[in-house]
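Residues per chain are reported as follows:
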Amino acid sequence: AVVSTQSTGVKHVTISYCKRLGLHSAELTISKRGYPPLGGGSVTFTCNTLKTIKPIQWIDPGKVWRIRGVASCSRMSPATNPRVIDRSHGILNAFLPDVYIYNEHLKGFNSGKSSGHSLCLYTESTTEVMVSVDCTAQPQTLPEDLATETTQLLLDTIHTGGCVDSRHQYLPLLFMALSQSNVSTLCTGPLTPFSISFLRNLKLFLGVVFKIKVKTLDSKEVGNRKGLNSFLLLSCLGAGFENINRAMI
C-alpha cells in the first residue's frame, strides 16, 4: 500500500486542525473520488478569512478515546470494504472498544475514472486532538494487507505522541509563526525532515526562530502513556502578521 494524503483525511482531520486554528467555516465537500492512474476525483473547499491569527497553546495530547475510519473503493466488488473493515477491527479492538469504520462503496458517476480501494483511520482524544493515517492499495494488494498495514501505521503514529501527527506538523507551525506577538507552544513527536526544512524557511522568510525543548515523562507515574516517554515542545514569538485585504468598491 502507498501512504498518501487522501481527501478523506483532509476532510476529517486537516479541516479539524483548521477550525481549531481559527478557520471556523472551513469545509471540504467530496463530489467524486478518484484513484490512480486516471484520477477523476472532485472536491470543493471553502473557508473564511482571518484578520489576525491568535497564538495557540497545544500542549496536552490527552488520551485516545475513540477511533473512526473510512474504507472506500471504486469500481470494485462490494465485498472489498467489509474485508478491510473486519481485519482492521480485529486489530484495533484489542486496544479500544469504540472503533467504527464507515463503508463507502462508489460506483457510476461518483467513482472516478479508475478502480481502486483505500483506508483512512483517525483517532480522537479527550482534548480534541486528532491524528490520522491514509493508505491507498497498489494493484493486486489484498484488502486484508491494506487493513493490516494502515492499522499498524496508525498505532505507530499514536505511539510517537504529540498534539499533531507527523504529516500535519507544518500547519500549526505556520500559524504560530504568523500569529500576533505572543508566545505560542506546540507539543509534538519527532520532527520529520520536511518539518525541519520548514522551520528553516520560516526563519529565512519571516525571521521567526523556534525554541525546542524535550519534555520527558515519568513512565512510573500512574496514568502516563506508554510511548516514547518524551515529547518536543516548540515555542516561538509570532511575527504579528495581519491581513490587509480590503473589499473592492
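Reading the values: rules and limits
Residues numbered from 1 in each chain as written. Predicted model: local features only at pLDDT ≥ 70, side-chain atom pairs only at ≥ 80, totals over all residues. Heavy atoms only, no water. Axes fitted to C-alpha atoms, helices over the stretch in contact; angles between N-to-C directions. Helix = DSSP H or I, 4+ residues; strand = E, 2+ residues; numbered from the N terminus. Left-handed = near helix turned anticlockwise from the far one by under 90°. Contact = heavy atoms within 4.5 Å. Nonpolar A, V, L, I, M, F, W, Y, C, P; charged D, E, K, R; others polar. Buried < 20%, exposed > 50% of the residue type's maximum accessible area, 1.4 Å probe, protein only. Pairing = 2+ DSSP bridges.

A. Broad picture of the packing of helix H2 (residues 80–92) against helix H3 (residues 143–160). Here H2 crosses H3 at 40°, and the two axes come no closer than 8 Å. For the crossing formed where H2 meets H3, the hand is right-handed. Facing Thr80, Arg83, Val84, Arg87, Ser88, Ile91 and Leu92 of H2, the residues of H3 in contact are Pro143, Glu144, Leu146, Ala147, Thr148, Thr151, Leu154 and Leu155. The residue inventory of the contact of H2 with H3, partitioned by class, reads eight nonpolar, four polar and three charged.

B. Quick peek at the pairing of strand S9 (residues 183–188). Of all six residues in S9, five are buried, a share of seventy percent or more. Where strand S4 (residues 57–58) and S9 come together, two bridges link them in parallel fashion. Within the sheet, the bridge partner assigned to Gln57 lies in S9 and is Thr185. Pairing of S9 with strand S11 (residues 230–237) involves six bridges; the strand directions are antiparallel.

C. Highlighting the pairing of strand S7 (residues 116–125). Among the 10 residues that make up S7, 10 are buried, leaving the element largely enclosed by the rest of the structure. Side-chain alternation along S7 places Gly116, Ser118, Cys120, Tyr122 and Glu124 on one buried face and His117, Leu119, Leu121, Thr123 and Ser125 on a second face that is also buried. In this structure, strand S5 (residues 64–74) lies alongside S7, joined through 10 bridges in antiparallel fashion. Counterpart to Ser72 in the pairing with S7 is Ser118. Pairing of S7 with strand S8 (residues 130–136), which is carried by seven bridges, proceeds in the antiparallel orientation. Among the inter-strand pairings, Thr123 is bridged to a residue of S8, identified as Val131. Where S7 hands over to S8, the hairpin turn is made up of four residues, of which Glu128 adopts a positive phi near 65°.

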